[in-house]
Amino acid sequence: PLPAAAPRQPGVELRGTVSFAPQKCYATCITQYILGFVDEAGKPSQMQPLFDGCPGHNPRTITKQFVITAPKQPGEYPVACHFDMMYTMQDAMDNFRNRKVDPTRVVGYII
């Protein structure tokens, strides 16, 4: 799991895991979960698709590994989770990419 604040060296590869359970309120809706690492402009970058499909009535916890490259500039970079209900993962990623990150979706920081 990603600690609340993960120190890093500029440009190094970071590996981690994330666990989550897909929503179950809309069991037959196509659902996407994406992990995004926020850049200097506050926009998601290095997005990692986590789930794309119908979760069913009793979705299990899913654990996924991710690999990203730490930003080259010093700073505090939020890590956020995006949830969407689109027909494709690409549509969900485009939605995430084209907006500022919702502060309530921040799950940690890279510093």
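Residues numbered from 1 in each chain as written. Predicted model: local features only at pLDDT ≥ 70, side-chain atom pairs only at ≥ 80, totals over all residues. Heavy atoms only, no water.

Visitor: How should I be thinking about the environment of glutamine 46 in this particular structure?
Guide: Along the chain, the position of glutamine 46 falls in strand β4 (residues 44-53). Look at glutamine 46 and you get partly exposed, because its relative accessible area is 33%. Distance from glutamine 46 to valine 67, taken between C-alpha atoms, is 9.1 Å for residues 21 residues apart in sequence. Sequence-distant contacts of glutamine 46, that is, excluding residues within four places in its chain, are made with Leu35, Phe37, Ile68 and Thr69. Of the polar contacts made by the side chain of glutamine 46, one reaches the backbone oxygen of threonine 69; its length is 2.7 Å. (Helix = DSSP H or I, 4+ residues; strand = E, 2+ residues; numbered from the N terminus. Buried < 20%, exposed > 50% of the residue type's maximum accessible area, 1.4 Å probe, protein only. Contact = heavy atoms within 4.5 Å. Polar contact = N/O pair within 3.5 Å; in protein donor to acceptor, adjacent residues only side chain to side chain.)

Visitor: I'm lost on the packing of aromatic side chains in this one. Help?
Guide: Aromatic ring pairs are defined here through the distance separating the ring centres and the angle between the ring planes. Under the criterion given, the structure shown has four aromatic pairs. Taking 6.4 Å as the distance between ring centres and 65 degrees as the angle between the ring planes, the aromatic pair formed by tyrosine 33 and phenylalanine 51 counts as edge-to-face. On the criterion of sequence distance, the pair formed by tyrosine 33 in strand β3 (residues 31-38) and phenylalanine 51 in strand β4 is long-range, its members being 18 residues apart. The pair formed by tyrosine 33 and phenylalanine 51 is uniform in burial state, with each residue classed as buried. Seen in terms of ring centroids, tyrosine 33 and phenylalanine 83 are 5.2 Å apart; in terms of plane orientation they differ by 50 degrees. Their pairing is tilted. Here tyrosine 33 is found in strand β3, whereas its partner phenylalanine 83 is found in strand β6 (residues 77-84), with 50 residues between them in sequence. (Phe/Tyr/Trp six-rings, centres within 6.5 Å; stacked < 30°, edge-to-face > 60°.)

Visitor: Explain the environment of cysteine 25 to me, please; I cannot follow it from the model alone.
Guide: Positionally, cysteine 25 belongs in the loop between β2 (13-20) and β3. Measuring from C-alpha to C-alpha, the distance between cysteine 25 and proline 55 comes to 9.4 Å, with 30 residues separating the pair along the chain.

Visitor: Help me out: how do you make sense of the pattern of salt bridges in this one?
Guide: Oppositely charged side chains can pair when the atoms bearing their charge come close. This model, assessed by the stated rule, comprises two salt bridges. Across the pair glutamate 13 and arginine 15 runs a salt bridge whose closest N-O atoms are separated by 2.9 Å. The partner of aspartate 94 in a salt bridge is arginine 97, and the shortest N-O contact between them spans 2.7 Å. Here arginine 97 and aspartate 94 lie together in helix α1 (residues 89-97), a separation of three residues that amounts to about one turn. In this structure aspartate 94 comes out as partly exposed when scored by relative accessible area, which is 26%. Looking at arginine 97, the relative accessible area reads 34%, which means it is partly exposed. (Salt bridge = Lys/Arg side-chain N within 4 Å of Asp/Glu carboxyl O.)

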